[in-house]
Amino acid sequence: MSTTVAKGDTQDTPAAGPAAPRRPKAGRGRDSIWKALPWIAPCLVLIFGIVLFPAAYMIYNAFRSISSYGTDTGSAGLKNFTLVFADPALPRVLTNTVVWVAAVVIITVVLSLALAQFLNKPFPGRTLVRMAVIVPWAASVVMTTTVFVYGLDPFYGIINKFMVDLHLIDVPFGFTKSMPSAFIVAILTAVFVSLPFTSYTILAGLQGVPGEVLEAAKMDGASPARTYFSVILPQLRDSLAVAVLINIINVFNNLAILKLITGSLPGYDADTLITRMFKWIQVDQRLDVASAMSVVNFAIVLVIVAAYIKIVKPMKEVN
């Protein structure tokens with residue numbers, strides 16, 4: 001005997017699940033790009049004109065033979081790169097570059113950690129002190145370096161006179177006239193210029209440390225030193241990663257400070273890769289070899305950045 005369900009009778013049916021997300025219509029993404037193009041076009045033109053085109057032209061010149069008058073006389077193959085690696089000054093230049101970058105970055109980060117910790121504390125006049133700290137970063141690097149150069153002049157430099165008056169030195173000394181004192185002055189000047197950005201980057205990280213984490217460490221009886229190294233410093237991982245990476249790139253590519261302080265020294269004893277590249281143009285009048293060295297320098301920077309990201313892993317979350 002069969003049973004039938006009368007028309008209109010209700011039946012148990014499975015409940016409808018959540019509605020499936022709508023798939024974007026084909027072409028909607030392309031339409032969005034075209035609509036956004038008028039807004040991003042100026043940025044794209046700027047990137048092409050300031051970054052991409054000069055880089056491509058530099059790579060092109062690296063494989064050309066260019067006279068001292070700037071005339072392209074044809075293809076040079078790998079000859080320019082051979083001259084770069086056969087340069088007898090290259091070992092000293094590489095050593096100077098490593099010392100220059102490592103010393104400036106390490107000293108800057110260590111001092112910035114202390115300065116940021118000080119600026120993070122409440123004290124009278126903190127706003128004025130914070131504004132004063134940012135002045136070297138806001139001022140021109142050339143102007144700041146020129147102040148150091150003239151201030152250290154052995155004949156009329158106010159810094160030299162000040163050190164003599166304090167009996168730190170017996171007679172005025174030409175700090176920028178010879179190695180290694182000129183190189184040390186360049187390092188200290190670069191640290192002075194780099195401190196504001198690095199300190200403010202770390203200060204931003206300090207202000208992002210949760211207050212309850214510090215309170216918990218205090219309740220657990222952790223000392224200030226233990227709290228800083230075990231709680232605060234790990235929280236500064238992202239800030240430190242950004243600060244160190246940008247400092248490495250900026251210091252490696254810095255020309256103004258070294259050119260003004262050590263540029264007048266004879267030979268290549270005070271040169272880094274950047275200043276040696278500049279001398280290929282200024283002294284040797286070899287634009288093609290300088291372009292080849294620019295390509296080499298660019299490759300070195302890429303390797304350093306890739307290795308830093310691989311080792312440090314700045315995007316890794318802090319537990």
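Presented here is an overview of the structure given in this document.

About the thresholds
Residues numbered from 1 in each chain as written. Predicted model: local features only at pLDDT ≥ 70, side-chain atom pairs only at ≥ 80, totals over all residues. Heavy atoms only, no water. Core = buried A, V, L, I, M, F, W, Y, C linked by side-chain atoms within 4.5 Å. Buried < 20%, exposed > 50% of the residue type's maximum accessible area, 1.4 Å probe, protein only. Helix = DSSP H or I, 4+ residues; strand = E, 2+ residues; numbered from the N terminus. Contact = heavy atoms within 4.5 Å. Axes fitted to C-alpha atoms, helices over the stretch in contact; angles between N-to-C directions. Parallel < 35°, antiparallel > 145°, perpendicular 65-115°, else oblique. Left-handed = near helix turned anticlockwise from the far one by under 90°. Phe/Tyr/Trp six-rings, centres within 6.5 Å; stacked < 30°, edge-to-face > 60°. Lys NZ or Arg CZ within 6 Å of the ring centre and 35° of its normal.

One finds Trp100, Val101, Val104, Val105, Leu113, Leu236 and Ile257 to be the most contacted residues of the largest nonpolar core, which totals 59 residues. It is helix α8 (residues 181-207) that provides the largest number of residues to this core, a total of twelve residues. Once residues within four sequence positions are removed from consideration, valine 101 is found in contact with Ile248, Val251 and Phe252.

What follows covers helix α13 (residues 273-282). Here α13 lies mainly inside the structure; seven of its ten residues are buried. Taken residue by residue, α13 has Leu273, Ile274, Thr275, Arg276, Met277, Lys279 and Trp280 as its buried positions. Here the buried face of α13 lies against α2 (79-85), α3 (90-119), α11 (237-252), α12 (256-262) and α14 (287-312).

Our focus in this paragraph is the environment of valine 110. Secondary-structure assignment places valine 110 in helix α3. Through-space distance from the C-alpha of valine 110 to that of serine 199 is 9.7 Å; in sequence the pair is 89 residues apart.

With that settled, the discussion passes to the packing of α8 against α11. How two helices pack is summed up by the angle between their axes together with the distance between the axes. At a minimum axis distance of 8 Å, the contact between α8 and α11 shows a crossing angle of 165°. By the angle between their directions, the pair α8 and α11 is classed as roughly antiparallel. Every pair of crossing elements has a handedness; the one defined by α8 and α11 is right-handed. Where α8 abuts α11, its residues Ser194, Phe197, Thr198, Thr201, Ile202 and Gly205 lie against Ser239, Leu240, Ala243, Ile246 and Asn247.

Here we come to the environment of asparagine 250. Positionally, asparagine 250 belongs in helix α11. A sequence separation of 60 residues divides asparagine 250 from alanine 190, and the C-alpha atoms of the two residues are 9.9 Å apart.

Now for unusual backbone geometry. In this structure, proline 180 follows methionine 179 across a cis peptide bond, with omega equal to 0°. You can see proline 180 is positioned in the loop between α7 (158-165) and α8. For histidine 167, which is not glycine, the phi dihedral falls at a positive 60°. Tracing the backbone through its elements, the reader meets histidine 167 in the loop between α7 and α8.

Attention shifts here to the packing of aromatic side chains. Applying the stated criterion across every chain yields a total of ten aromatic pairs. A ring pair is formed by phenylalanine 48 and phenylalanine 53, whose centres lie 6.3 Å apart and whose planes are at 45°; its orientation type is tilted. Classification of phenylalanine 53 by relative accessible area gives partly exposed; the value is 47%. Each ring, one from phenylalanine 53 and one from tyrosine 57, has its centre 6.0 Å from the other, and the planes form 10°; the classification is stacked. Taken as a pair, phenylalanine 53 and tyrosine 57 lie in helix α1 (residues 28-62) at a separation of four residues, close to a single helical turn. Residue tyrosine 57 is classed as partly exposed on the basis of its relative accessible area of 46%. One aromatic cluster is present, built from ring pairs that chain together Phe48, Phe53, Tyr57 and Tyr60. A cation sits over an aromatic face here: arginine 276 above tyrosine 268, 4.2 Å from the ring centre.

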